[in-house]
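What the coordinates show
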Amino acid sequence: MAADPSFVVGIIGNVISILVFASPIKTFRRIVRNKSTEDFRWLPYVTTLLSTSLWTFYGLLKPGGLLVVTVNGAGAALEAAYVTLYLIYAPRETKAKMVKLVLAVNVGFLAAVVLVTLTALHGGGRLLAVGVLCVALTIGMYAAPMGAMRTVVKTRSVEYMPFSLSFFLFLNGGVWSVYSVLVKDYFIGVPNAIGFVLGTAQLVLYMAYRKATPAPAHKEEDDDGGEDEEAAVDEEEGLAHLMGQQVEMAQRRAVRLHKGLSLPKHAGAPLSSPRDGLAGSIIKSLSATPVELHSVMHQHGHGRFEPVGKGDGDVEANNKK
């Protein structure tokens, strides 16, 4: 008796998908060895854990969905291990944010989906609701490497787009697309067909740039340097303008002070009073004549200064000249 083609294709798809899910093992060996998450991103593991968990639930709802359950159940177990290791070695601030998201998405949201599906929906409505969610998450997973594709085009280097990952995504999308046609499951077919197209584009891009000369890195540095130099010039011009405004304001204050010195004083009006104190006398002395200023100093200096005569004032004025 010949084997069911869909079962054979599903087994191949299981093997390839598990290889894709196992690809971060090398990364987490490094994290455990160094006891640090360094600059590795944690969000993809959280979202992939949600995706595999929902696909496992979808496989349980779908008649004949055993292969969907096995591959995504294995993927969910691996992703849960990755998330746990990341939480162990992540910095305190990152750990706090990650715990909140894991509880909200992988626990709260997943539990809400399961609860609503089993209690409020029936028959085909259950597969429809869960299938739409699975499609959206899987498309997002396949679209994630598009950032790496932009980097390849910009730098003319495939350093940041490993061939093995692109190749396995290409195979994974192709095999599950064939499986979806055989079992007539479009929820599996749509996202994996998109993944197959994106994987093909990545391989074409890899072949086009694998021997290309990388773009010179100093060009960007020169651009940054030019921007820094321009910013420095703008800052110097702004500082000069501000200093000019301050000088102009100081000159205006000097003019007003000069006018104040030339205003006539009421005869007999005391320059200061005991209620003003020393501070009040100093403030009033700013508009006082030299003789009045000397009087204030004599008043607060307990007679240590002699009155300045008119002749002495003239001598002092000539010395200043």
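These numbers were taken from a predicted model, which means no experiment stands behind them.

In terms of regular secondary structure, the protein chain is built from 13 helices and zero strands. In sequence order, the secondary structure elements of the protein chain are arranged as α-α-α-α-α-α-α-α-α-α-α-α-α. By residue count, 29% of the 321 residues in the protein chain fall in the buried class. Within the protein chain, contacts between residues separated by at least 24 positions form 72% of all contacts whose residues are at least 6 apart in sequence. Accessible surface for the protein chain amounts to roughly 20800 Å². Of this, 65% is attributable to carbon and sulfur atoms.

Taken together, the side chains of Phe-7, Ile-11, Val-15 and Leu-19 present a nonpolar region at the surface, about 350 Å² in accessible area. Position of Ile-11 among the secondary structure elements: in helix α1 (residues 5–22).

Now for the UniProt feature "transmembrane region" (unreviewed entry) in the protein chain. Taking the numbering used here, the UniProt-annotated feature "transmembrane region" (unreviewed entry) corresponds to residues 6–22, 42–61, 67–89, 101–121, 127–148, 160–182 and 188–209. Between the end C-alpha atoms of residues 67–89 there is a gap of 34 Å, over a span that is 100% helix and 0% strand.

Here we take up the packing of α1 against helix α8 (residues 163–183). Contact geometry of α1 with α8 gives a least axis separation of 9 Å together with a crossing angle of 155°. Accordingly, the angle class assigned to the pair α1 and α8 is roughly antiparallel. The crossing of α1 and α8 is left-handed. Every residue of α8 that contacts α1 at Pro-5, Ser-6, Val-9, Gly-10, Ile-12, Gly-13, Asn-14, Ile-16, Ser-17, Leu-19 and Val-20 is listed here: Phe-168, Leu-169, Leu-171, Asn-172, Val-175, Trp-176, Val-178, Tyr-179, Leu-182 and Val-183.

Although it is not a glycine, Lys-35 adopts a positive phi angle of roughly 55°. Tracing the chain through its elements places Lys-35 in the loop between α2 (25–34) and α3 (43–61). Taking relative accessible area as the criterion, Lys-35 reaches 63% and is therefore assigned exposed. Even without glycine at this site, Lys-184 takes up a positive phi of about 55°. Its relative accessible area of 64% is what places Lys-184 among the exposed residues.

So, on to the packing of helix α5 (residues 92–120) against helix α6 (residues 124–143). With their axes 9 Å apart at the nearest point, α5 and α6 run at an angle of 160° to one another. Classified by the interaxial angle, the pair formed by α5 and α6 is roughly antiparallel. Helix-helix and strand crossings are classified by hand; for α5 and α6 the assignment is right-handed. Contact with α5, carried on its side by Phe-109, Val-113, Thr-117 and Leu-118, involves Arg-126, Val-130 and Leu-133 of α6 and no other residues of that element.

Calculation notes
Residues numbered from 1 in each chain as written. Predicted model: local features only at pLDDT ≥ 70, side-chain atom pairs only at ≥ 80, totals over all residues. Heavy atoms only, no water. Helix = DSSP H or I, 4+ residues; strand = E, 2+ residues; numbered from the N terminus. Buried < 20%, exposed > 50% of the residue type's maximum accessible area, 1.4 Å probe, protein only. Contact = heavy atoms within 4.5 Å. Areas by Shrake-Rupley, 256 points an atom, 1.4 Å probe, with all protein chains shown as cover. Patch = residues over 30% accessible without salt bridge, like charges linked within 9 Å, V, L, I, M, F, W, Y side chains within 5 Å. Salt bridge = Lys/Arg side-chain N within 4 Å of Asp/Glu carboxyl O. UniProt positions renumbered as here; feature names shortened; annotations may be inferred. Axes fitted to C-alpha atoms, helices over the stretch in contact; angles between N-to-C directions. Parallel < 35°, antiparallel > 145°, perpendicular 65-115°, else oblique. Left-handed = near helix turned anticlockwise from the far one by under 90°.

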